[in-house]
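A look at the structure
As a plain string of letters, each chain reads:
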Amino acid sequence: MSETRLIEISPVTRVEGHGKVTIHLDENNNVDEARLHIVEFRGFERFIRGRLLWEVPVIVQRLCGICPVSHHLAAAKAMDQIVGVDVLPPTAEKMRRLMHYGQVMQSHVLHFFHLSAPDLLFGFGAPAEKRNIFEVIRENPELGLRAVLMRKFGQEIIEATAGKKIHGTGAIPGGINRNLDIATRDRFLAQVDQMTGWALDALGIARDYVLGHLEMVEGFGTFPSNHMSLVREGDGALDLYHGRMRAVDRGGAPIFDMLDYNDYHKVLVEDVRSWSYMKFPFIRDLGPEYGWYRVGPLARMNTASHIDTPLANAAHRELQALTGGRPNHTTLANHWARMIEVVHCVEKIRELLHDPDLQGTDLRAEGERRYEGIGVIEAPRGNLIHHYKVDERDQVTYCNLIVSTTHNNEGMNRAVKNVAVQHLSGQALITEGMLNHVEVAIRAYDPCLSCATHALGQMPLQIEIYDAEHRLVDRAGQCM
Amino acid sequence: MTGESFVFHIDGVAVTAKPGQTIMEAADAAGIYIPRLCDVEGLRHQGGCRVCTVKADGRSVSACTQPAAPDLKVENDTPARNRVRRDLVEMLFHEGNHLCPICEKSGNCELQAMAYRLEMTVATRFPYLEPCRELDASHPDIALDTNRCISCGRCIRASQDVDGKGVFGYVGRGIHRRVAVNGADLAHTDAAVTDHAMSAAVCPVGCIIRKDEGFRVPIGSRHFDHGLIGHEIEEKRE
């Protein structure tokens, strides 16, 4: 009888969605295989068929309760094309951008403080009962309060632009359904200095963590990869709302650049594997073995030429200096990159609040009807693609969604295996703390598994360990 | 009908009515709201949905069709009446596919608003019938999602009585009765977006959809963002 084991972490916690990790150990307790399985079933691409085009941005945002705005806006951008609008009225585009910056800010703050801070503050191997937001608040009430108030600020920006903090209706095909009144603008302006200060403090925490644990961080779930995101047309600056697609290889050389995202399907292919509901995209020319890539905050830092807001740009340069301007492949540096984007979002929010176009009344444009539309946006977790076809009756006939977590599928699996090998191989006794190291690597990508597979319900992630006979020998499933 | 005005009572409040007025008409004029779904201003009364059922001298009657009478004692806004209304509304939610979070009528929907008014917080007591009716988007300006239809018949009366067209009618019997169009689909009728039957005020739910208008009214400016259904009537008393 074999002595090999298979470990299952199930559910993995402090991520959005439901998945599990399986780790196969051989006779010597060395990691043979480690995989992140997404066990939810996706259905949106099918049941959106037949619905009316203007319903789509409202329906598909129900994919997620954390970043519904990303789906709302990506779908709206696709529907802009279908109603024949390539250029939105300034008020509409700026209101959408304001909504998006509020969204990215609140999502990043949620991830950093509520989901990852317990690991960073207390240690990856700290007791499970310690690793939660309540302990963060207990030990550092000021930090906890800021986390709540920063998220509240972002959520209220969303409410002011979409009507509700979650699942609003702001973006409509060809435009937006509201502008920003002066009183609301002034309420936000009164808070924006404080938010800038707090964002810089959060950036300092993330940066200091990486620099203060550089040896560990550089070895933790780190592996070279390609990186992909939208960048601003022309100068390649970071642009979270709109732009052209850029992918760079592990050394920073361009794979494709300034690609019209309407041609995404010419460069990206989605691979399917039998053990996960989540697809594995790769760059067509490089093939599945070398063509996989990462998206998200760190990928954006690696692809963007610069950032067009001064504080975030300075932070971007500091991050780039760590790797001599070459791509940073350090999984945990995602936290640093994420906080740079929080600073950027607050700076962009300030800029927009001073823009009188937000009080404009030209909210919607019209054009000549088309029958296919693609919307791409940089969601908090990375690049997000919505692709639709609509018939002459205004009904959706085709939908394809590639969400950030799907783009990162291969990268997360590599991180899981990397960390499992580092921390579990050769260990006779697998502790919960060891397994949390695996979860820490997954969390760095801030995956949204429900977005990636579009399911409903309570969705914790689990880790399971199996022996070579495929018998479950251990399971780590923390629920909180 | 002519004659002397008279007084009757709704929940102990004296209400003046003219001969020929229904209980609901007199109540509306007096600023007393009686919940209703199939009745709407400008169309003949039907008494179909039964949400307006009141007790009149101990008898259950539909307030939209029952004439007011001198000295009548009407029981309207009581826990017992509202419980029955809530049951009726809840059953409507079970009969159709009323997915308020993604429906463009949300915030302007009388069914949704009635559920809020009657404090229907869940609809879990009965099995969902989950109808699977194909969305009719054949018309260039109008779409029909009859999965949301509550068979109030307002579109039928509007089309027949106001538009003089008869675009809509009932088909089937009993639980199978539903609203259908007088043609293979809506494109094969003489429906026009300018018809009264297609106006936003006629369909109480999100069944009749005027194309390309969905979600243009922002949250906060929708009709029922400003108050419970019936608040305009009740404000007459305040």
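Predicted, not measured: the structure shown is a model, and the values here were computed from it.

Brief notes about the confidence of the model for chain A
Mean pLDDT over chain A: 89, with 91% of residues reaching 70 or higher. Segment residues 453-459 of chain A: pLDDT under 50, and 25 contacts once partners within four positions in sequence are set aside and those in other chains are kept.

A few points about the domain arrangement of chain B
Residue and element names in this part refer to chain B. Its domain assignment divides chain B into domain 1 (6-77) and domain 2 (84-222). Relative to domain 2, the C-alpha centre of domain 1 lies at a distance of 25 Å. Taken residue by residue, the interface counts 20 residues in domain 1 and 21 residues in domain 2. Contact with domain 2 buries surface across domain 1, with Leu 37, Leu 43 and Arg 44 losing the most and accounting together for 43% of the total. Two residues, Arg 44 and Asp 161, come together in a salt bridge whose shortest N-O distance is 2.4 Å. Counting every contact that joins domain 1 to domain 2 gives eight residue pairs in polar contact (both at pLDDT 80 or more). Looking at side-chain class alone, the side of domain 1 that touches domain 2 contains eleven nonpolar, five polar and four charged residues.

Regarding the side chain of Ser 106 of chain B
Within the fold, Ser 106 of chain B resides in the loop between α2 (79-95) and α3 (110-117). For Ser 106 of chain B, the residues in contact, after removing those within four places along its chain, are Cys 100, Gln 112 and Arg 222 of chain B.

Focus: a nonpolar patch on the surface
A cluster of nonpolar side chains, Leu 145, Val 148 and Leu 149 of chain A, forms an exposed patch at the surface whose accessible area comes to about 230 Å². On the secondary structure map, Leu 149 of chain A appears in helix α6 (residues 141-162).

Comments concerning the packing of aromatic side chains
Residues and elements named next belong to chain A. Tallied over the full model, the rule gives five aromatic pairs over all chains. Taken together, a centroid distance of 5.2 Å and an interplanar angle of 80° make the contact between Phe 112 and Phe 113 edge-to-face. One exposure class covers both Phe 112 and Phe 113, and it is buried. Above the face of the Tyr 241 ring, Lys 77 is positioned so that its terminal group lies 4.6 Å from the ring centre.

As for the interface of chain A and chain B
Often the size quoted for an interface is simply the accessible area lost on bringing the parts together. With 21 residues of chain A at the interface, the matching set in chain B holds 19 residues. For the pair chain A and chain B, the summed buried area comes to about 1800 Å², and 56% of that belongs to carbon and sulfur atoms. When the shortest N-O distance is used, the salt bridge between Glu 55 of chain A and Arg 148 of chain B registers 3.3 Å. The tally of links from chain A across to chain B stands at seven residue pairs in polar contact (both at pLDDT 80 or more).

A look at the pairing of strand β8 (residues 178-181) of chain B
Looking down a regular strand, the side chains alternate between one sheet face and the other. All names here are of chain B. Bridging between strand β7 (residues 168-171) and β8 involves four bridges; their strand directions are antiparallel. When the sheet's bridge partners are listed, Gly 169 is paired in β8 with Ala 180. Between β7 and the antiparallel strand that follows it, β8, lie six residues; Gly 172 among them carries a positive phi value of about 80°.

Considerations on unusual backbone geometry
Here the phi dihedral of Asn 29 of chain A falls at roughly 65°; this positive angle occurs in a residue that is not glycine. Along the chain, the position of Asn 29 of chain A falls in the loop between β2 (19-25) and β3 (31-38). Taking the relative accessible area as the measure of exposure, Asn 29 of chain A reaches 15% and is therefore buried. One non-glycine residue with positive phi stands out, namely Asp 11 of chain B, at about 50°. The partly exposed category is assigned to Asp 11 of chain B, whose relative accessible area is 34%.

Rules used throughout
- Residues numbered from 1 in each chain as written.
- Chains lettered and ligands numbered in written order.
- Predicted model: local features only at pLDDT ≥ 70, side-chain atom pairs only at ≥ 80, totals over all residues.
- Heavy atoms only, no water.
- pLDDT = per-residue confidence, 0-100.
- Contact = heavy atoms within 4.5 Å.
- Domains from an automatic or database assignment.
- Buried area = accessible area lost by both parts, 1.4 Å probe.
- Salt bridge = Lys/Arg side-chain N within 4 Å of Asp/Glu carboxyl O.
- Polar contact = N/O pair within 3.5 Å; in protein donor to acceptor, adjacent residues only side chain to side chain.
- Nonpolar A, V, L, I, M, F, W, Y, C, P; charged D, E, K, R; others polar.
- Helix = DSSP H or I, 4+ residues; strand = E, 2+ residues; numbered from the N terminus.
- Patch = residues over 30% accessible without salt bridge, like charges linked within 9 Å, V, L, I, M, F, W, Y side chains within 5 Å.
- Areas by Shrake-Rupley, 256 points an atom, 1.4 Å probe, with all protein chains shown as cover.
- Phe/Tyr/Trp six-rings, centres within 6.5 Å; stacked < 30°, edge-to-face > 60°.
- Buried < 20%, exposed > 50% of the residue type's maximum accessible area, 1.4 Å probe, protein only.
- Lys NZ or Arg CZ within 6 Å of the ring centre and 35° of its normal.
- Pairing = 2+ DSSP bridges.

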